[in-house]
Amino acid sequence: MFKSPDLANGLLPAIVTERGVLAMLVASQILALLLAFSPMSYESIWVRLGIISLFVHCVSVIGFTILSLLRQYISARSGLVEYFFIVTIFQIVTLVMSLGVSLFEVANTHFLDWSFIAKNSAICLFVTLLFLHFMAIFRDKVTTIATLSRLELDALHARIRPHFLYNSLNTIAELTQQDSDAAEQAVLTLANLSRYALHPNKFVSLTEEVLLSQKYIELETWRFASKMQVNWLLPVSLPDIQVPVLTIQPLVENAVNYGVEGHITGGIITIEMHVDTERVTITVTNSVGKSVSKHKGQGIAQRNIKERLALLYGDSAKLDVQQTNEQYRVALILPYEVKK
């Protein structure tokens with residue numbers, strides 16, 4: 001997923017993961033089964049299976065431990081050097097383990113079984129190369145998914161920004177016919193607002209996103225005046241976290257479009273924030289009444305935000321919508337975590 005792009009940066013990060021370790025353990029056990037059921041001269045099949053399984057899993061565990069310890073050093077190298085290090089580490093571990101087993105049996109055989117050592121090294125080389133091949137395929141798949149996710153995310157950002165600017169320019173156009181001084185101030189506000197809205201990054205601080213929403217409300221106040229009542233119920237100190245750009249502001253814009261515009265008596269909008277150790281919840285509520293607004297629904301912006309949340313957070317974030325005869329409530333729930 002796009003939310004785990006580290007797997008796409010090299011082969012080793014894809015190997016030293018839960019999936020990589022599990023894949024190696026499964027491959028090791030399959031190898032042990034094949035060797036145990038092949039024609040051999042000692043003990044029964046099940047004894048051979050136990051001995052071979054122990055040997056193979058010891059090699060896997062020790063090899064993965066060394067790779068994990070040297071992860072930063074190896075990951076900084078080129079692809080071929082990375083392959084060389086991984087193969088060499090497993091070969092050395094296999095050689096040392098095989099020598100240990102042979103030395104243990106020297107008391108009975110009086111000589112080292114070099115054929116045993118060579119056979120184990122050859123099998124280890126084959127299995128390691130095969131494992132690396134399949135992990136490289138997995139890494140390429142992750143890279144492709146990450147690239148497609150970024151392209152989709154960029155498309156979603158491009159789709160929501162013109163929508164916001166279009167509504168803001170409409171507000172200024174109406175003001176030019178009513179109050180030229182107010183229109184001038186509104187243009188200055190929009191210029192400041194656009195600086196935040198056209199942020200080049202996918203994440204901004206929560207403080208910036210809230211400020212963007214407040215400036216949008218300031219802009220719309222020129223048009224609706226006393227018809228629009230906005231209540232900000234925010235903590236004294238906002239959490240120092242990063243949030244996706246243009247997630248709160250479109251919800252506030254929806255509340256203005258569908259809760260105030262077109263209503264004869266205007267409407268009430270409430271923006272509140274609740275923070276705990278695991279999540280930050282931003283709730284935008286607008287009053288509902290009989291409207292003659294030309295807007296048909298709030299689905300476009302909300303669907304856009306939901307899709308971006310899924311790409312960036314997976315199941316860790318969501319957008320919850322509740323509607324009654326009197327209120328329309330949207331809750332943006334984000335994990336309390338630092339995004340880089």
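Residues numbered from 1 in each chain as written. Predicted model: local features only at pLDDT ≥ 70, side-chain atom pairs only at ≥ 80, totals over all residues. Heavy atoms only, no water.

(A) The arrangement of the sheet that holds strand E2 (residues 228–233) in detail. In space, the five strands of this open sheet follow the order E2-E4-E5-E7-E6, with mixed pairing throughout. Taken across any chain shown, the strands that pair with only one partner, and hence form the sheet edges, are E2 and strand E6 (318–323). With strand direction ignored, the average angle separating the axes of adjacent strands in the sheet is 10°. In the packing of helix H8 (residues 206–224) onto the sheet, contacts are made with E2, strand E4 (267–275) and strand E5 (279–287), and the angle to E2 comes to roughly 160°. Along the sheet, helix H9 (residues 248–259) contacts E2, E4, E5, E6 and strand E7 (327–335); its crossing angle with E5, the most-contacted strand, is approximately 15°. (Pairing = 2+ DSSP bridges. Helix = DSSP H or I, 4+ residues; strand = E, 2+ residues; numbered from the N terminus. Axes fitted to C-alpha atoms, helices over the stretch in contact; angles between N-to-C directions. Contact = heavy atoms within 4.5 Å.)

(B) Region of the structure containing the packing of H8 against H9. It is at 8 Å that the axes of H8 and H9 come closest, and there the two elements cross at 20°. In terms of orientation, H8 and H9 fall into the roughly parallel class. For the element pair H8 and H9, the recorded crossing hand is right-handed. Here Leu206, Glu209, Val210, Leu212, Ser213, Tyr216, Ile217, Glu220 and Phe224 of H8 lie close against H9, whose contacting residues are Ile248, Gln249, Val252, Glu253, Val256 and Asn257. When grouped by side-chain class, the residues that make up the contact of H8 with H9 number nine nonpolar, three polar and three charged. (Parallel < 35°, antiparallel > 145°, perpendicular 65-115°, else oblique. Left-handed = near helix turned anticlockwise from the far one by under 90°. Nonpolar A, V, L, I, M, F, W, Y, C, P; charged D, E, K, R; others polar.)

(C) How the structure looks around the packing of aromatic side chains. Evaluated as defined, the whole model comprises two aromatic pairs. Residues Phe84 and Phe85 carry aromatic rings whose centres are separated by 6.2 Å and whose planes lie at 75° to one another, so their mutual orientation is edge-to-face. The class for Phe84 is exposed, based on a relative accessible area of 53%. For the ring pair Phe203 and Tyr313, a centre distance of 6.4 Å and an interplane angle of 85° mean the geometry is edge-to-face. Residue Phe203 is found in strand E1 (residues 203–205), and its partner Tyr313 is found in helix H10 (residues 299–313); the two are separated by 110 residues along the sequence. In terms of burial, Phe203 and Tyr313 fall into one category: buried. (Phe/Tyr/Trp six-rings, centres within 6.5 Å; stacked < 30°, edge-to-face > 60°. Buried < 20%, exposed > 50% of the residue type's maximum accessible area, 1.4 Å probe, protein only.)

(D) A look at the nonpolar core. Within the largest apolar cluster, 43 residues are counted, with the highest numbers of intra-cluster contacts made by Leu206, Ile269, Ile282, Leu309, Leu332 and Leu334. If one sorts the elements of this core by residue count, H8 sits on top with seven residues. Setting aside anything within four residues of it in sequence, one finds Leu309 in contact with Pro244, Gly314, Ala317, Lys318, Leu319, Leu332 and Leu334. Ranked by size, the runner-up nonpolar core spans 22 residues in total, among them Ala32, Ile52, Phe55 and Val59. (Core = buried A, V, L, I, M, F, W, Y, C linked by side-chain atoms within 4.5 Å.)

(E) Fine view of the pattern of salt bridges. Enumeration according to the criterion identifies two salt bridges in this entry. The salt bridge partner of Asp276 is Arg279, with a shortest N-O separation of 3.7 Å. Between Glu278 and Arg279 there is a salt bridge whose closest N-O contact spans 3.5 Å. Judged by relative accessible area, which is 53%, Glu278 ranks as exposed. Note on Arg279: relative accessible area 34%, which makes it partly exposed. Each of Asp276, Glu278 and Arg279 takes part in a single network of salt bridges with overlapping partners. (Salt bridge = Lys/Arg side-chain N within 4 Å of Asp/Glu carboxyl O.)

(F) Structural context of the side chain of Glu220. Within the fold, Glu220 resides in helix H8. By relative accessible area, which is 0% here, Glu220 ends up buried. Looking at Glu220, its side chain comes within polar contact range of the side chain of Tyr216, at 2.9 Å. Every residue in contact with Glu220, bar those within four places of it in the chain, is listed here: Thr171, Met228 and Val256. (Polar contact = N/O pair within 3.5 Å; in protein donor to acceptor, adjacent residues only side chain to side chain.)

(G) Structural detail: the pairing of E5. Counted residue by residue, E5 has seven buried out of nine residues, so it is predominantly covered. Here seven bridges tie E4 to E5, and the two strands are oriented antiparallel to one another. Its bridge partner being in E5, Met273 is matched across the sheet by Ile282. With antiparallel pairing between neighbouring strands as the criterion, E4 and E5 make up a hairpin whose turn holds three residues. Sheet topology places E5 next to E7; nine bridges connect them, and they run antiparallel. Each residue of the ladder has a partner; that of Ser287, found in E7, is Gln327.

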